[in-house]
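# Survey of secondary and tertiary structure
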Amino acid sequence: MLSDRIQTLSPSLTIAITMLAQDLKNSGKDILSFSAGEPDFGTPKRIKDEAIKAINDGFTQYTAVPGIIEVREAVAAKLKRDNDLDYTAADVIVSNGAKHSLFNLFQAVINPGDEVIIPAPYWVTYPELVKYAFGIPVTIETDDISGFKITPEQLKAAITDKTKMLILTTPSNPTGSIYSRAELEALGEVLKGTDIIIASDEMYEKLVYDAEFVATASVSEEMFNRTVTINGLSKSVAMTGWRFGYLASANKELIAVMNKLQSQSTSNINSITQKAAIPALNGEADEDIEMMRKAFAARAEEATALMNEIDGLSVKKPEGAFYLFVNIKDISDDSIEFCKELLQEVGVAVVPGIGFGSEGYFRFSFATDITTIREGIRRIEKFVKQKRA
Ligand SMILES: Cc1ncc(COP(=O)(O)O)c(C=O)c1O
């Protein structure tokens, strides 16, 4: 009865852990959750006010499929101002979150058997969406020693005549690593003379600590032409529930087919969200964004230091995003088992590294208040001590 296509999808480990944590909570256990992938801050007032205005103005009907011209112009202006990228409104499609942008992109370019190179650890959704398009995910392993970044040599070795795309996530979920300009240029050199598309997921662009963010498409004209830039407002402006993501590409044919796909599937995204996104893109929420960034930066600093004080665990301080990707190899080679025991014994929910394609780690989200973070790490220490005793 079911399609072959739907059976390619695996259930999300993140959701499995969240549900187990919820069950334990419902049974009265004291559970602290560090599995969330969203900011613990509310959406800035300026943005909420704009949404209320849009409702009161009656801006409640269908809009153009890729988004109203004003919001696509605001995206193009943001990409110019922040990232020095020369896209126009016609190069932009606004979708229901960056997840939807990626879905459209994969459906538009992947043929059965096409290979998509995905550096691991990766955001859990990529391989699933690639498989759903009948593509083949090809992972490149990275580790904390290499700073969780692929090298030009690794990329070269992974390319075959079936390679269609390379996915880059900078800053990365789950590791927080950021590719420098020189590193992006070096990867670009390897791709010269090929038709390989780069999908550059830049969702965490605004959440950067002691590092410089460089947009992949900005490093050269060649990289601009091969890169599809993906971004959104979920993480940087605390707008996860609003569903505002976008992609931009200089390839007119690609934009046209993705518009066609979106027109036959979801049509435009919520009209109110589009209006509310304009001040966010225009920099009118920048003070709020900076407040959040500073809070995340302080937590990154303290959580990394506390975690590294635990004998047997180690973690590299993230350069961006809001996760620690903690090495547990001295203690366990089964991250699912480790995370289950951690949850059951000391009531701490984190996500097993294997869910991100890298065994021997867990992901700890610090998108929660510092008191809870301190208590959570104290409990992790207690658990690790027990395991090592
Ligand atoms: C790397 C990365 N890209 C994209 C997304 C999707 O964001 P959204 O669909 O909310 O825009 C997420 C969310 O967890 C993410 O971590």
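Just so you know, these numbers come straight off a predicted model, no measurement behind them. (Residues numbered from 1 in each chain as written. Predicted model: local features only at pLDDT ≥ 70, side-chain atom pairs only at ≥ 80, totals over all residues. Heavy atoms only, no water.)

So, about the overall build of the protein. Helix and strand content of the protein: 13 helices and 12 strands. Rg of the C-alpha trace for the protein: 21 Å, near the compact-globule value of 21 Å for 389 residues, within the 12% margin. Along the three orthogonal principal directions, the C-alpha set of the protein runs to about 60 × 55 × 50 Å. Relative to its full complement of 389 residues, the protein shows a buried share of 55%. Averaging the locations of the 41 positively and 54 negatively charged side chains of the protein gives two centres separated by 3 Å. (Helix = DSSP H or I, 4+ residues; strand = E, 2+ residues; numbered from the N terminus. Rg over C-alpha atoms; globule rule 2.2 N^0.38 Å. Buried < 20%, exposed > 50% of the residue type's maximum accessible area, 1.4 Å probe, protein only. Lys, Arg positive; Asp, Glu negative; His and termini not counted. Charge placed at Lys NZ, Arg CZ, Asp CG, Glu CD.)

Our next topic: the site of the ligand. Close to the ligand lie 13 residues, the nearest being Ala-98, Asp-201, Ser-234, Lys-235 and Arg-243. Interatomic distance of 3.1 Å between a backbone N/O atom of Lys-99 and an oxygen atom of the ligand. The contact in question runs from an oxygen atom of the ligand to an N or O atom on the side chain of Ser-234, over 2.7 Å. Burial of the ligand by the surrounding chains reaches 93%, relative to a free accessible area of 400 Å². For the shell around the ligand, the class distribution of residues is 5 nonpolar, 4 polar and 4 charged. (Near = heavy atom within 4 Å. Polar contact = N/O pair within 3.5 Å; in protein donor to acceptor, adjacent residues only side chain to side chain. Areas by Shrake-Rupley, 256 points an atom, 1.4 Å probe, with all protein chains shown as cover. Nonpolar A, V, L, I, M, F, W, Y, C, P; charged D, E, K, R; others polar.)

With mixed pairing, the 7 strands of this open sheet are ordered in space as E2-E8-E7-E6-E5-E3-E4. The sheet is open, and its two borders are formed by strand E2 (92-95) and strand E4 (136-141), each paired with just one other strand. Taken over all neighbouring pairs, the strand axes of this sheet differ in orientation by 20° on average, direction set aside. (Pairing = 2+ DSSP bridges. Axes fitted to C-alpha atoms, helices over the stretch in contact; angles between N-to-C directions.)

Side chains of Met-1, Leu-2, Ile-6 and Leu-9 sit close together on the surface and give an oily, nonpolar patch of about 480 Å² of accessible area. Checked against the element boundaries, Met-1 lands in the segment before helix H1 (13-26). A relative accessible area of 100% places Met-1 in the exposed class. (Patch = residues over 30% accessible without salt bridge, like charges linked within 9 Å, V, L, I, M, F, W, Y side chains within 5 Å. Salt bridge = Lys/Arg side-chain N within 4 Å of Asp/Glu carboxyl O.)

Moving on: the pattern of salt bridges. Applying the stated rule across the entire model yields 26 salt bridges. Its salt-bridge partner being Asp-30, residue Arg-379 comes within 2.5 Å of it at the nearest N-O pair. In this pair, Arg-379 is assigned in helix H13 (residues 370-388) and Asp-30 in the loop between H1 and strand E1 (32-33), connecting sequence segments 349 residues apart. The exposure class of Asp-30 is exposed, given its relative accessible area of 51%. A single network of salt bridges, built from pairs that share partners, joins Lys-78, Arg-81, Asp-82, Glu-205 and Lys-206.

This part covers the packing of aromatic side chains. A complete count under the given rule lists 17 aromatic pairs for this structure. Judged by centre distance (5.1 Å) and plane angle (35°), the rings of Phe-296 and Phe-322 are tilted. Here Phe-322 lies in the loop between helix H11 (286-308) and strand E9 (323-327) and Phe-296 lies in helix H11, a separation of 26 residues in the sequence. The class for Phe-322 is buried, based on a relative accessible area of 0%. Pairwise contacts between aromatic rings join Phe-41, Tyr-204, Phe-296, Phe-322, Tyr-323 and Phe-366 into one cluster. The ring of Tyr-132 carries the charged tip of Arg-5 above its face, separated from the ring centre by 5.4 Å. (Phe/Tyr/Trp six-rings, centres within 6.5 Å; stacked < 30°, edge-to-face > 60°. Lys NZ or Arg CZ within 6 Å of the ring centre and 35° of its normal.)

A few words now on a negative patch on the surface. A contiguous patch of negative charge, built from Asp-333, Asp-334, Glu-337 and Glu-359, is present on the exposed surface. With respect to the helices, strands and loops of the structure, Glu-337 is situated in helix H12 (residues 335-346). With relative accessibility at 37%, the residue Glu-337 sits in the partly exposed group.

What follows concerns H13. Each α-helix turn comprises 3.6 residues. Residues three or four places apart therefore point the same way. For H13, spanning 19 residues, the distance from its first C-alpha to its last is 27 Å, which sits close to the expected 27 Å at 1.5 Å a residue. Taken as a whole, H13 has its buried residues at Ile-373, Gly-376, Ile-377, Arg-379, Ile-380, Phe-383 and Val-384. Projected down its long axis, H13 shows its buried positions confined to an angular sector of 160°, all on one face. Among the exposed residues of H13, those pointing more than 90 degrees away from its buried face are Thr-371 and Lys-385. Contact partners of the buried residues in H13: E1, H11, H12, strand E10 (348-349) and strand E12 (361-365). The distance from a side-chain oxygen at the start of H13 to the backbone nitrogen of Thr-371 is 3.2 Å, and the residue carrying that oxygen is Asp-369. (Expected span 1.5 Å × (residues − 1). Arc of directions from axis to C-beta. Contact = heavy atoms within 4.5 Å.)

Purely geometric stuff here, so don't read any function into it on its own.
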